[in-house]
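Spelled out, the chains give:
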Amino acid sequence: MEYLLIFISAIFVNNIVLAQFLGICPFLGVSKKIDTSLGMSAAVAFVMVLATLVTWLIQNYVLNPFGLQYLQTIAFILVIASLVQMVEIILKKVSPPLYQALGIFLPLITTNCAVLGVAILVIQKDFNLAQSIVYALSTAIGFGLALTVFAGIREQLELASIPKGMRGMAIVLVSAGLLSLAFMGFAGVDGGLRTLFGLD
């Protein structure tokens, strides 16, 4: 049941983009088309889960035993950068159209603070390896959900008649704010579920 709560909380209640405001660069940059946002979501999910797995192992079997916790951020950034390079090479060989579609946004995964944020959050929350992977996967799903829904909204905005002063980034930011408010409706769900199943 604990894993289910982690899953629901990471997707809806504490959405990495809409509640914790991490990963805003790709959220605003790659959300013009649903196809591109789906590809970006898949790439981020892969990197996020793999990065969390590797960084958790490094933290618990290298940094903590040798008292090198102060190297956490540098070590995690190096791991994430290496994984992104690997994803880039694989995409270039396996799916050139997706690689072309993502273009300049693929390197954004390296600077996507959501990936680094999740790797650090699982350490701060003192999750075990299984909980860390569930949290990373559900956070990636939450990121993908927010990105895809926002891409759908932006595609509809292209067809709408918008006042001149609100066109461009202004209406995009207003829409992002409204989407964030919509996700605030899930606040308290995890607390309610914990009470329901007697986990408090």
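In this text the structure is predicted, and so the values were computed from the model without any measurement. (Residues numbered from 1 in each chain as written. Predicted model: local features only at pLDDT ≥ 70, side-chain atom pairs only at ≥ 80, totals over all residues. Heavy atoms only, no water.)

Peer 1: Describe a nonpolar patch on the surface, and please don't skip the residues or the numbers.
Peer 2: There is a patch of nonpolar side chains on the surface, built from Met1, Leu4, Phe7, Leu137 and Ile141 and spanning about 410 Å² of accessible area. Counting residues per element, the ones that place at least two in the nonpolar patch are helix 1 (2–13) and helix 7 (129–159). Among the secondary structure elements, Leu137 is positioned in helix 7. (Patch = residues over 30% accessible without salt bridge, like charges linked within 9 Å, V, L, I, M, F, W, Y side chains within 5 Å. Areas by Shrake-Rupley, 256 points an atom, 1.4 Å probe, with all protein chains shown as cover. Salt bridge = Lys/Arg side-chain N within 4 Å of Asp/Glu carboxyl O. Helix = DSSP H or I, 4+ residues; strand = E, 2+ residues; numbered from the N terminus.)

Peer 1: I'd love a proper account of helix 8 (residues 169–183), names of residues and values included.
Peer 2: Here helix 8 contains 15 residues, and its C-alpha end-to-end distance of 21 Å stays within 8% of the 21 Å for a straight helix at 1.5 Å per residue. Taken together, the buried positions of helix 8 are Ile171, Val172, Ser175, Ala176, Leu179, Ser180 and Phe183. On the buried face of helix 8, the contacting elements are helix 1, helix 2 (24–29) and helix 7. (Expected span 1.5 Å × (residues − 1). Buried < 20%, exposed > 50% of the residue type's maximum accessible area, 1.4 Å probe, protein only. Contact = heavy atoms within 4.5 Å.)

Peer 1: Quick rundown of the packing of aromatic side chains? Include the residues and the values.
Peer 2: Within the structure shown, the criterion is met by five aromatic pairs. Measuring from centroid to centroid gives 6.3 Å for Trp56 and Tyr61, while their planes differ by 70 degrees, and the two rings are edge-to-face. (Phe/Tyr/Trp six-rings, centres within 6.5 Å; stacked < 30°, edge-to-face > 60°.)

Peer 1: Just give me the short version of the packing of helix 3 (residues 34–63) against helix 7, but keep the residues and values in it.
Peer 2: Where helix 3 contacts helix 7, the axes come no closer than 9 Å and their chain directions differ by 165 degrees. With respect to their mutual orientation, helix 3 and helix 7 come out roughly antiparallel. Where helix 3 crosses over helix 7, the handedness of that crossing is right-handed. Classifying every residue of the contact of helix 3 with helix 7 gives 18 nonpolar, eight polar and one charged. (Axes fitted to C-alpha atoms, helices over the stretch in contact; angles between N-to-C directions. Parallel < 35°, antiparallel > 145°, perpendicular 65-115°, else oblique. Left-handed = near helix turned anticlockwise from the far one by under 90°. Nonpolar A, V, L, I, M, F, W, Y, C, P; charged D, E, K, R; others polar.)

Interpretation in functional terms is not warranted from these geometric data alone.
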